[in-house]
Amino acid sequence: MFSEKLISTLRGAEHITVFTGAGISAESGVPTFRGDDGLWKKFKPEELANFDAFIRNPKLVWEWYRYRKQVLANVKPNAGHYALADMEQLHKNVVVITQNIDNLHQRAGSTKVYELHGNINRNYCIDCGLSITDEVMSWLGRAPLCPSCHGLIRPDVVWFGELLPVDQWNKSIAVAEAADVFFSVGTSAVVYPAASLPTIAKNAGAYLLEINTERTDLSWHADEILLGKSGDILPRLLQSYQSVVHQ
Ligand code: BJW
């Protein structure tokens, strides 16, 4: 099922970079954004995922994030997340760049994870910048206020029209450019600038592998496409690769 080219390229690779999106967490029970069952079919991004919407109606935006925090509190990493974490045992330079805010790569054991769109477990004050955890946040009035300056607290995620965290972005470009193999897993690759990373990697010489349940705009650029669920494909790929490494 896996090409010899892929296995031999993986074997010879010094740097493996994995770019993930909502699809890798789908088998954990986390909804994706686009597609028939996606979040954006039921909720409007212009009312929920941009700063102006938050200022207009912080209670509504917080209702949505509280609901998603609850969903995420009840899910676990799946076989795809674990396979990527296990890949670190075979290779010292495996880096995961994720668009996901769900913390599931870290929970599976991946140690080098760059988060391009933030993390739902963190929050900060829009006025003084104070970082604040869910545990100490007061939900009185349903939109939490900063205990220090009484400014509005927001989730530490990246909304449309906002810049990505500069350090995470710069490090992601560096590992995309350094990659010998670049995986794009479970992303529709339509949200920029994150979606430019696979082609940045390819233009810098990486073998570009896409793993997705369906073809995407990126598929035209991929050297190899594995159609199917990442929780099924990634463990099998790891197994094939492992048996070659140990030969
Ligand atoms: C499986 C599977 C399985 C399923 N196995 N596969 C016009 C106006 C303003 C801005 C723009 C504009 N045009 C373009 C822009 C820029 C904008 C953008 O790209 N928009 C496009 C959508 C058009 N980008 C931005 O605004 C970014 N910032 C920026 O550009 O700054 C510069 C700037 C400044 C000022 C003005 C303008 C620009 C920021 C983007 C932030 C994205 N934020 C979100 C929400 C995060 C917080 C939250 O979760 O609440 O990030 S949106 C959402 O999309 C989320 C995701 O990380 C992101 C990507 O989605 P992803 O992960 O690809 O998920 P899906 O659902 O799309 O795809 C899932 C895939 O999995 C599918 O392909 C399935 O087939 C597959 N799948 N099950 C394998 N089991």
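Rules used in this analysis
- Residues numbered from 1 in each chain as written.
- Predicted model: local features only at pLDDT ≥ 70, side-chain atom pairs only at ≥ 80, totals over all residues.
- Heavy atoms only, no water.
- Buried < 20%, exposed > 50% of the residue type's maximum accessible area, 1.4 Å probe, protein only.
- Helix = DSSP H or I, 4+ residues; strand = E, 2+ residues; numbered from the N terminus.
- Pairing = 2+ DSSP bridges.
- Right-handed = clockwise from strand over helix to strand, strands pointing away.
- Axes fitted to C-alpha atoms, helices over the stretch in contact; angles between N-to-C directions.
- Contact = heavy atoms within 4.5 Å.

K.L.:
Would you mind going over the pairing of strand β8 (residues 207-212) with me for this structure?
P.N.:
Consecutive side chains along a regular strand alternate between the two faces of the sheet. Most of β8 sits out of view: six of its six residues are buried. Alternating residues of β8 divide into Tyr207, Leu209 and Ile211 and Leu208, Glu210 and Asn212, and every residue in both groups is buried. With five bridges joining them, strand β7 (residues 181-185) and β8 adopt parallel strand pairing. Considered in β8, the bridge of Val181 is made with Tyr207. What joins β7 to β8 is helix α10 (residues 197-203), and the crossover it makes is right-handed. Summarising the sheet, β8 and strand β9 (residues 224-227) pair through four bridges and their orientation is parallel. The residue bridging Leu209 from the neighbouring strand is Glu224, located in β9.

K.L.:
Mind showing me how you'd approach the sheet that holds strand β5 (residues 131-133) here?
P.N.:
Strand pairing in a sheet is mediated by backbone hydrogen bonds. Such pairs are either parallel or antiparallel. One open sheet holds the three strands; their spatial order is β5-β4-β6, and the pairing between them is antiparallel. For this open sheet the edge positions go to β5 and β6 (153-157), each flanked by a neighbour on one side alone. Direction aside, the axes of adjacent strands within the sheet are offset by 45° on average. With four bridges joining them, strand β4 (residues 118-125) and β6 adopt antiparallel strand pairing. Of the residues in β6, the one forming a bridge with Cys125 is Ile153. On top of the sheet, helix α6 (residues 58-73) reaches β4 and β6; it is set at about 140° to β4, its chief contact.

K.L.:
Could you clarify how one ought to interpret the sheet that holds β8 in this entry?
P.N.:
Taking strand neighbours across the sheet as the criterion, the six strands line up as β3-β2-β1-β7-β8-β9 in an open arrangement whose pairing is parallel. Edge strands, defined here as strands with exactly one partner in the open sheet, are β3 (113-115) and β9. With direction set aside, neighbouring strand axes in the sheet form an average angle of 15°. Note that strand β1 (residues 16-20) and strand β2 (residues 94-98) share five bridges and pair parallel. Bridged to Thr20 within β2 is Thr98.

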